[in-house]
Amino acid sequence: MNPRALLVAALLLLAGCATSARAPVAAPQAVFISPATWQQIDREIVSASQQSTEQVKVFARGSMEHWRTRVYQQTEENFIPWFSSYWTQEWLSMKVSWYTINAGGEQDASAKRLAAYLLEQYQERVLAPVAVEVDPDAILGQATAFYAQLMAQQMPLIAQRHGVPVGQLNGHLQKVPAIALGPPPARDASLFQVISTEPLNTLPAYAALIDKIHTEGGAKGIASTDAGMAPVAKRASQRMEAEMAPRGAASAVAAAAGKLAGGLISVGVAGIRAIIQANDRPDSEALIRSSLGSTFDKAWLKLVQNPTTGVMAGTLYMAGQVERNLGGGDEPSVGLGGNAVEWQPPRSTSQQIEPNVQGE
């Protein structure tokens, strides 16, 4: 064999051995960061939290405005025409009759049961269809995740400004509580966990936070709509109960008059009831708008402004934890001041309601 070829083969073999025995790469050494620099970084994290919270407020308020508009549109287009129709009123009259018979001496039993039925219909015809498009619970989750995303975008910029390796800043963020609901420890999360978990709803501590918000807020969504149904149901049941006596007398006369005459009398009574209901319709619709509108606006404002149970609750909780632990001072607030929300109801079911927001 050619000696030169043997030499080349030996050199290649030695080179392979040298490559496989490559020395381990040393981890980058930590950069010394002075305490003053860390204090400045903490101040900038607090500032980033405050700015992020303000951006989330704009998002949450806009989303809630959209939800409110859609609820009022759906109320005008679906619920009020359904409630005011002749056949619905006939059906409700039958239900009131049944409620009255089975009241067992309970005061306002028919009105209470009618209110529960109307609330069920309102959920089905208004709130549920709107929730497919936009919903306060969804806005709560989106707003909280938006805060985490905004904070995640700011951290590399802060690290770059001060020449701090990202790994060291992440280690610092792991010591900053963002959710503290434990024990157990799974209900706690650091700022680093919050901004690095994607999607946020896979973080157990986040699920615990949302559950806490729902628990403190009672039933989800617009839970107080049932209070708005009470005066509507009471007025409707009183009118229907007042119609029962003459309706029963007319039925007795029709039965005594024979088949043909009785049928004509029944048709005449139905026509009279239709006229009465048609005359009563504007007042009924006005009551629905007034009662539901007032109750809904109060519930809407609570969802927007309440810092512990509203759509900003998740954001404000985490921002409060971060800012308080980094010496940020006062707790973040919703920041809507004393603004009151007033709705100008339409004069017909075809006219859309427009909000009128007034400040102090």
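Residues numbered from 1 in each chain as written. Predicted model: local features only at pLDDT ≥ 70, side-chain atom pairs only at ≥ 80, totals over all residues. Heavy atoms only, no water.

Q: Help me understand the packing of helix α2 (residues 35–84) against helix α5 (residues 136–162) in this model?
A: How two helices sit against one another is set out by the angle between their axes and by the gap between those axes. Packing of α2 against α5 brings their axes to within 8 Å, and their N-to-C directions diverge by 150 degrees. The orientation of α2 relative to α5 falls into the category roughly antiparallel. The handedness of the crossing between α2 and α5 is right-handed. For the contact of α2 with α5, the residue count by class is 17 nonpolar, 10 polar and 2 charged. (Axes fitted to C-alpha atoms, helices over the stretch in contact; angles between N-to-C directions. Helix = DSSP H or I, 4+ residues; strand = E, 2+ residues; numbered from the N terminus. Parallel < 35°, antiparallel > 145°, perpendicular 65-115°, else oblique. Left-handed = near helix turned anticlockwise from the far one by under 90°. Nonpolar A, V, L, I, M, F, W, Y, C, P; charged D, E, K, R; others polar.)

Q: What am I meant to see in the pattern of salt bridges here?
A: Any two side chains of opposite charge can pair, so long as their charged atoms come close to each other. Across all of its chains, the model carries 6 salt bridges by this definition. Notably, a salt bridge pairs Arg161 with Glu44, separated by 2.9 Å at the nearest N-O pair. Of this pair, Arg161 sits in helix α5 while Glu44 sits in helix α2, and the two are 117 residues apart along the sequence. (Salt bridge = Lys/Arg side-chain N within 4 Å of Asp/Glu carboxyl O.)

Q: Would you take a moment to explain the nonpolar core for this structure?
A: For soluble globular proteins, the rule of thumb is that nonpolar side chains tend to be buried together. In this structure, Ile45, Trp67, Met155, Ile179, Leu191 and Val194 are the most contacted members of the largest nonpolar core, which totals 72 residues. At 15 residues, α2 tops the list of elements feeding residues into this core. With sequence-adjacent residues up to four places away left out, Ile179 is seen in contact with Arg187, Asp188, Ala189, Val194, Ala205, Tyr206, Leu209, Tyr317 and Met318. (Core = buried A, V, L, I, M, F, W, Y, C linked by side-chain atoms within 4.5 Å. Buried < 20%, exposed > 50% of the residue type's maximum accessible area, 1.4 Å probe, protein only. Contact = heavy atoms within 4.5 Å.)

Q: Looking at this structure, I do not really get the packing of α2 against helix α3 (residues 86–101). What am I missing?
A: In the contact formed by α2 and α3, the axes pass within 5 Å of each other and the chain directions differ by 65 degrees. Within the contact between the two elements, α2 uses Trp82, Phe83 and Ser84 and α3 uses Tyr86, Thr88, Gln89 and Leu92. Here the residues of the contact of α2 with α3 sort into 4 nonpolar, 3 polar and no charged.

Q: I'm lost on the environment of Ile158 in this one. Help?
A: Inspection of the secondary structure assignment puts Ile158 in helix α5. In the structure, Ile158 is positioned 117 residues away from Ile41 in sequence and 6.9 Å away in space, judged by C-alpha atoms. Among all residues touching Ile158, those that are not within four sequence positions of it are Ile41, Glu44 and Ile45.

Q: Quick question: what am I supposed to make of empty space enclosed by the protein here?
A: Overall, the coordinates contain 3 cavities of 30 Å³ or more when judged by the stated rule. Its volume calculated, the largest cavity comes out at about 80 Å³. Along its surface, the largest cavity is lined by 12 residues, and Tyr72, Thr75, Arg289, Leu292 and Gly293 are the ones closest to its centre. Listing elements by their share of the lining of the largest cavity, those giving two or more residues are α2 and α10 (259–305). (1 Å grid on protein atoms, 1.4 Å probe; cavity = no way out; pocket = protein on both sides within 12 Å on 5 of 7 lines; lining within 4 Å. Points joined across faces, edges and corners; volume = space filled by probe spheres on them.)

Q: Could you clarify how one ought to interpret the packing of aromatic side chains in this entry?
A: Two descriptors summarise a pair of aromatic rings, namely the distance from one centre to the other and the angle between the planes of the rings. According to the stated counting rule, one finds 5 aromatic pairs in the structure shown. Pairing Phe79 with Phe83 gives two aromatic rings, centres 6.4 Å apart and planes at 15 degrees, and the pair type is stacked. Of this pair, Phe79 and Phe83 both sit in helix α2, 4 residues apart, which is roughly one turn of that helix. Like Phe83, Phe79 is buried. Centre to centre, the rings of Phe79 and Tyr122 are 5.2 Å apart; their planes meet at 90 degrees, and the pair counts as edge-to-face. Of this pair, Phe79 sits in helix α2 while Tyr122 sits in helix α4 (residues 109–133), and the two are 43 residues apart along the sequence. As far as the burial class goes, Phe79 and Tyr122 line up, both buried. Taken together, the aromatic side chains of Phe79, Trp82, Phe83 and Tyr122 make up a single cluster linked through ring pairs. (Phe/Tyr/Trp six-rings, centres within 6.5 Å; stacked < 30°, edge-to-face > 60°.)

Q: Sorry if this is basic, but what is going on with the confidence of the model for the chain here?
A: The predicted coordinates ought not to be read in detail in places where the model reports low pLDDT. Averaged over all residues, the pLDDT of the chain is 74; the fraction at 70 or higher stands at 63%. The model gives residues 244–276 a pLDDT under 50, and that stretch makes 22 contacts with residues more than four places away or in other chains. A low-confidence stretch, residues 336–360 (pLDDT under 50), is modelled with 52 contacts involving residues beyond four sequence positions or located in other chains. (pLDDT = per-residue confidence, 0-100.)

Q: How should I be thinking about α4 in this particular structure?
A: Since the α-helix advances by 3.6 residues per turn, residues separated by three or four positions end up pointing in the same direction. Across its 25 residues, α4 extends 36 Å between first and last C-alpha, which sits within 8% of the 36 Å expected from 1.5 Å per residue. At Gln123, α4 shows its maximal kink, close to 40 degrees. (Expected span 1.5 Å × (residues − 1). Bend = angle between axes of the 7 residues up to and from the residue.)

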